[in-house]
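Residue strings, one per chain:
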Amino acid sequence: MTDKQFLRKLASVRKDIDELVASKWPRKAGVMAINLFNENFRKGGFMGKTRKPWKRTQRQNNPRKTKSGKITAASSYGPLLSSRRHLSRSNEKIVGNGQVTIVNKVPYAAVHNDGGRAGRGHKTNIPERPFIGPSQTLDKQISDMMRTDMEKLLKQ
């Protein structure tokens, strides 16, 4: 390989790396984050380094019964879940140049994620049930994805 061939190859690889950093990795990382955060809802706890289960809700601990004696459907759902799954389906990714941001624009998402007071007159204390946030598991998944992509690129 001549010097010119080597420099051409190096420029080509540099272009591919720039595309990975600016566009492909943020999109892939966003999908991985959304998948992990949605899994938090399905499994009822936040996955940081390990899964930390959410505190049970009153409707789970004290299920209501209908007049016929059957337990209501709401009692069968886990914390932060309902038949509509509005909160869990509202996780979105915003991809920018070299970055991705995960958001949930539902007005009550923050109080469920961080804990706090809610309801009429803010009389109800909502315990913290994080579903979006920093996660060592996600960091490792993203790191592994980046390493794999770089190895593929450099083998070409």
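That block above? That's the structure.
Residues numbered from 1 in each chain as written. Predicted model: local features only at pLDDT ≥ 70, side-chain atom pairs only at ≥ 80, totals over all residues. Heavy atoms only, no water.

K.L.:
So what's going on with the overall build of the protein chain? Residues and values would help.
P.N.:
Secondary structure assignment for the protein chain yields four helices and six strands. Secondary structure elements of the protein chain occur, N-terminal to C-terminal, as α-β-β-α-β-β-α-β-β-α. For the protein chain, the residues scored as buried account for 32% of the 156 residues in total. In the form shown here, the protein chain has an accessible surface area of approximately 11000 Å², with 53% of it arising from carbon and sulfur atoms. (Helix = DSSP H or I, 4+ residues; strand = E, 2+ residues; numbered from the N terminus. Buried < 20%, exposed > 50% of the residue type's maximum accessible area, 1.4 Å probe, protein only. Areas by Shrake-Rupley, 256 points an atom, 1.4 Å probe, with all protein chains shown as cover.)

K.L.:
Please provide a residue-by-residue account of the nonpolar core, values included.
P.N.:
Judged by nonpolar contacts, the single largest core of 23 residues is most densely connected at Phe37, Phe41, Leu80, Leu87, Ile102, Phe131 and Leu138. It is helix 1 (residues 3-43) that contributes the most residues to this core, nine residues altogether. (Core = buried A, V, L, I, M, F, W, Y, C linked by side-chain atoms within 4.5 Å.)

K.L.:
Could you give an account of the side chain of Ser135, naming the residues involved and the relevant values?
P.N.:
Relative to the helices and strands, Ser135 resides in the loop between strand 6 (124-126) and helix 4 (136-155). Not counting residues within four places of it along the chain, the set of residues in contact with Ser135 comprises Leu36, Phe46, Met47 and Gly48. (Contact = heavy atoms within 4.5 Å.)

K.L.:
Can you explain helix 4? Please cite residues and give values.
P.N.:
For an α-helix, 3.6 residues make a turn, and residues three or four places apart therefore share a direction. Look at helix 4: 29 Å from first C-alpha to last across 20 residues, which is about the 28 Å you get at 1.5 Å a residue. Within helix 4, the full set of buried residues consists of Leu138, Ile142, Met145, Asp149 and Leu153. Buried positions in helix 4, seen along its axis, are confined to an arc of 70° and lie on one side of it. Helix 4 presents Gln136, Lys140, Leu154 and Lys155 as exposed residues on the side facing more than 90 degrees away from its buried surface. Tucked into the core, helix 4 has its buried residues touching helix 1. For helix 4, the side-chain oxygen to backbone nitrogen distance between the N-cap and Thr137 is 3.4 Å, and the N-cap itself is Ser135. (Expected span 1.5 Å × (residues − 1). Arc of directions from axis to C-beta. Polar contact = N/O pair within 3.5 Å; in protein donor to acceptor, adjacent residues only side chain to side chain.)

K.L.:
Which residues make up the side chain of Ser90, and what values go with them?
P.N.:
Within the secondary structure, Ser90 sits in the loop between helix 2 (58-61) and strand 3 (91-96). Within the structure, the side chain of Ser90 is placed 2.6 Å from the backbone oxygen of His86, a separation counted as a polar contact. Ser90 has contacts with Val103, Asn104, Lys105 and Val106, leaving out every residue within four places of it along the chain.

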